[in-house]
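# Examining the three-dimensional arrangement
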Amino acid sequence: MVALSLAEITSSLPTSGGLYFFSAQLCNEKWKPFASWMTGWFNLIGQFAVTAGIDFGIAMMLSALIAVGTDGEWTPTPGATVGIHIGVCFTHGVANSLGPKVMKYINAFSTVWQVIAPTVILITVLAKAPTHQSGTFVFTYFNNGTGWASQGWVILTGLLTSQFTMTGYDSSAHLAEETKSASISAPTGMVMAVLVSAVMGFFFIVGLLFCVQDLDNTIGSSTGFPVMQIIFDSVGNRAGAVVLMVILIIACWLCGFCSVTSNSRMVYAFSRDGAIPGSNVWHRIDPRSKTPINAVWLSVFIAALLGLPYLGNSTAFSAVTSVATIGLYISYGIPILCKLLNQKQFKRGPLHLGRFSPIVGSIALLWIAFITILFVLPPVNPVTPVSMNYACLAIGCVTIGAGGRFAVDARLWFKGPKSNLDVEDRPQEVATEQKMEVEDDDAVLEKVES
């Protein structure tokens, strides 16, 4: 429902500013700057966290791969995992700095690989597994290791991982200005991303569950990554398990690549309007690579930093996924809310929901409100400083920080996304340099788009 609502708005307003531009266009004049400002900041923080979550997941996979490849002689440590995470972030920064031609080929390869990888892994594991679990085990067995007594509550907290995978589809909006027929292709990409992920993800998870050989050994795997244990137990040899894991890691790396691309475009667009400290630096197009290279490396740097808490807290990864999910879905919800409150301002694009638009939008907002509350609550019991869900702290800091900055001075100069003619209205430190370079930067982007 959320993706459908956003897709409808994207069809009407395809632009790289994406969500915060939507909020500005759909809100009334009084609240337009504030709605746009908060949408931008929640989306930005959410995207930083998504990139960190993807890359940290890859680091865990690589750690498990090394553990299996060395026959258990090496076991993952927090320090090693964080180091690998930083290295993965670096590779994504390099790949996103190579220019649009190379990135085009990577994206084309990714489109094919994301379908091939899970299919190959699933068929191989199902065919090679010594035994298979029953349908009763796969669909009805319940394992509660959280410490909470309520089975319903455990199921709800378990939604986090699946909801985390259903994020990032707003990247279609951020890349709209670099896409042909954006009013159709961008919203179609949004909806298809959710549908394909849901279908492929369902079959992939169910298939792996049928291949679980020893549940306790899988959960407590020495590799630190249960999926690796399932693959290894099913294939029965290290070489085969390593090959399949490499296939999976490549697929995840490509997801991280796209996440950094989307993240950097959001940084570029938001800094173009002076909303980010140091906007003069982040809103620059490298003339050689024709990419917002500074924005790329800011995205990578912050994603790398978000992995550091894992050194002292093993539950930090859960907090990162919570922040990513909540931050992004709040940013998804604000433009949907603005549209519902100001329906007369909304002009339909080629793809729309017709009379069902208000119903779908309302359901989407109710779901966003529900998961926002759910995902800041503690996932395990008893609650300790280590097991605490620090997402509530992070989201609170974003709310207070962004809201406080707006109240202090941004309300005086930030009027929402602006055109080149409005550069002089921005803060002096932003306006001076951007006014000189914005035409050149946008000219470069126009060449890239063509």
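Cut-offs applied
- Numbering of residues begins from 1 in every chain and follows the order in which that chain's sequence is written.
- Totals for whole chains, interfaces and linings use all residues, but because this is a predicted model, local features are given only for residues with pLDDT of at least 70 and pairs of side-chain atoms are given and counted only at 80 or more.
- For side-chain calculations, the full set of non-hydrogen atoms in the structure is used, while hydrogens and water are omitted.
- Working definition: helices are DSSP H or I runs of at least four residues, strands are E runs of at least two. Numbering for both runs from the N terminus.
- Whether a residue is buried, partly exposed or exposed follows from its accessible area with a 1.4 Å probe, protein chains only, as a fraction of its type maximum: under 20%, in between, or over 50%, in that order.
- Should any heavy atoms of two residues lie within 4.5 Å, those residues are considered in contact.
- Only the protein chains shown count as covering a residue, and every accessible area follows the Shrake-Rupley method with a 1.4 Å probe.
- Positive residues here are Lys and Arg, negative ones are Asp and Glu, while His and the chain termini are left out of the count.
- Note on charges: their place is set at NZ of Lys, CZ of Arg, CG of Asp or CD of Glu.
- Axes, fitted as lines to C-alpha atoms, cover a helix only where it is in contact. Angles between the N-to-C directions of the axes lie from 0 to 180 degrees.
- Roughly parallel means an angle under 35 degrees; roughly antiparallel means over 145; roughly perpendicular covers 65 to 115; every other angle is labelled oblique.
- By definition, turning the near helix anticlockwise from the far helix through less than a right angle yields a left-handed crossing, and turning it clockwise yields a right-handed one.
- Gly is placed with the polar residues, together with every amino acid not listed as nonpolar (Ala, Val, Leu, Ile, Met, Phe, Trp, Tyr, Cys and Pro) or charged (Asp, Glu, Lys and Arg).
- By nonpolar core we mean a set of buried residues, namely Ala, Val, Leu, Ile, Met, Phe, Trp, Tyr and Cys, connected to one another through side-chain atoms within 4.5 Å.
- Aromatic pairs are defined between Phe, Tyr and Trp rings, using the six-membered ring for Trp, whenever the two ring centres lie within 6.5 Å; interplanar angles under 30 degrees are classed as stacked, those over 60 as edge-to-face, and all others as tilted.
- Note on criteria: charge over ring means Lys NZ or Arg CZ within 6 Å of the ring centre, with the direction from the centre no more than 35 degrees off the ring normal.
- Here, expected helix span is obtained from the residue count minus one, scaled by 1.5 Å.
- We call two N or O atoms a polar contact when they sit within 3.5 Å, provided that within protein one can donate a hydrogen and the other can accept it, with sequence-adjacent residues counted only if both atoms are side-chain atoms.
- Within the patch definition used here, like charges are joined within 9 Å and nonpolar side chains (Val, Leu, Ile, Met, Phe, Trp, Tyr) within 5 Å, considering only residues with over 30% relative accessible area and no salt bridge.
- When a carboxyl oxygen of Asp or Glu lies within 4 Å of a side-chain nitrogen of Lys or Arg, that pair is called a salt bridge.
- What pLDDT conveys is the predictor's confidence in a given residue, as a value from 0 to 100.

## Overview of the overall build of the protein
A tally of helices and strands in the protein yields 19 helices and zero strands. Taken over the C-alpha atoms alone, the protein extends approximately 65 × 50 × 45 Å along its principal axes. By the burial criterion, 50% of the 450 residues in the protein qualify as buried. Of the contacts formed within the protein by residues at least 6 apart in sequence, a portion of 79% connects residues at least 24 apart. For the protein, the accessible surface area stands at approximately 20100 Å², while carbon and sulfur atoms represent 68% of it. With 24 positive and 26 negative side-chain charges, the protein shows a separation of 8 Å between the mean positions of the two kinds.

## What to know about unusual backbone geometry
Cis rather than trans, the peptide bond between Asn381 and Pro382 has omega equal to 5 degrees. Structurally, the position occupied by Pro382 is in the loop between helix H17 (357–374) and helix H18 (391–413).

## Some details on the packing of helix H2 (residues 19–26) against helix H16 (residues 316–341)
As a packed pair, H2 and H16 sit with axes 8 Å apart at the nearest point and diverge in direction by 20 degrees. Considering the angle they form, H2 stands roughly parallel to H16. Of the two possible hands of crossing, H2 and H16 adopt the one that is left-handed. Residue-level inspection shows Leu19, Phe22, Ser23 and Leu26 of H2 in contact with H16, the latter providing Ser331, Tyr332, Ile334, Pro335, Cys338 and Lys339. Broken down by class, the residue content of the contact of H2 with H16 amounts to seven nonpolar, two polar and one charged.

## A look at the nonpolar core
Within soluble globular proteins, side chains that are nonpolar tend to cluster in buried spots. Val2, Trp37, Met245, Phe270 and Tyr332 are the most contacted members of the largest nonpolar core, which totals 107 residues. No other element matches helix H3 (residues 32–69), which puts 17 residues into this core. Residues within four places of Tyr332 in sequence aside, it is in contact with Val2, Leu6, Leu19, Asn43, Thr167, Gly168, Tyr169, Asp170 and Ile368.

## Describing the packing of aromatic side chains
In this structure the tally under the stated criterion is 21 aromatic pairs. On the numbers, 6.0 Å between centres and 20 degrees between planes, the contact of Trp253 with Phe257 is stacked. One end of the pair is Trp253 and the other is Phe257, both in helix H13 (residues 238–272) and four residues apart, which spans about a single turn. Taking the relative accessible area as the measure of exposure, Phe257 reaches 0% and is therefore buried. Members of the aromatic cluster, each reached through a chain of ring pairs, are Tyr20, Trp31, Phe34, Trp37, Trp41, Phe270, Phe406, Trp413 and Phe414. Positioned above the aromatic ring of Phe346 is the side chain of Lys339, whose terminal nitrogen or guanidinium carbon lies 5.0 Å from the ring centre.

## Some details on H13
Between its first and last C-alpha, H13 extends 50 Å over 35 residues, near the 51 Å set by a 1.5 Å rise per residue. Among the 35 residues that make up H13, 26 are buried, leaving the element largely enclosed by the rest of the structure. Put simply, Asn237 is the residue that caps the front of H13, since its side-chain oxygen is 3.4 Å from the backbone nitrogen of Ala239. Residue Gly274 follows H13 closely and has a positive phi angle near 70 degrees.

## Notes on the side chain of Ser299
Its place among the elements puts Ser299 in helix H15 (residues 293–305). Of the residues examined, Ser299 reaches a relative accessible area of 0% and is grouped as buried. Of the polar contacts made by the side chain of Ser299, one reaches the backbone oxygen of Ala295; its length is 2.9 Å. For Ser299, the residues in contact, after removing those within four places along its chain, are Phe48, Asn263, Ser264 and Val267.

## A few points about a nonpolar patch on the surface
On the surface, a cluster of nonpolar side chains totalling about 460 Å² of accessible area is made up of Met1, Leu4, Phe356, Ile359 and Ile363. Summarising the element assignment, Ile363 is placed in helix H17.

## What about the confidence of the model for the protein?
Across the protein, pLDDT averages 82, with 90% of residues at or above 70. Note that residues 419–450 has pLDDT below 50 and, in this model, 49 contacts with residues that lie over four places away or in other chains.

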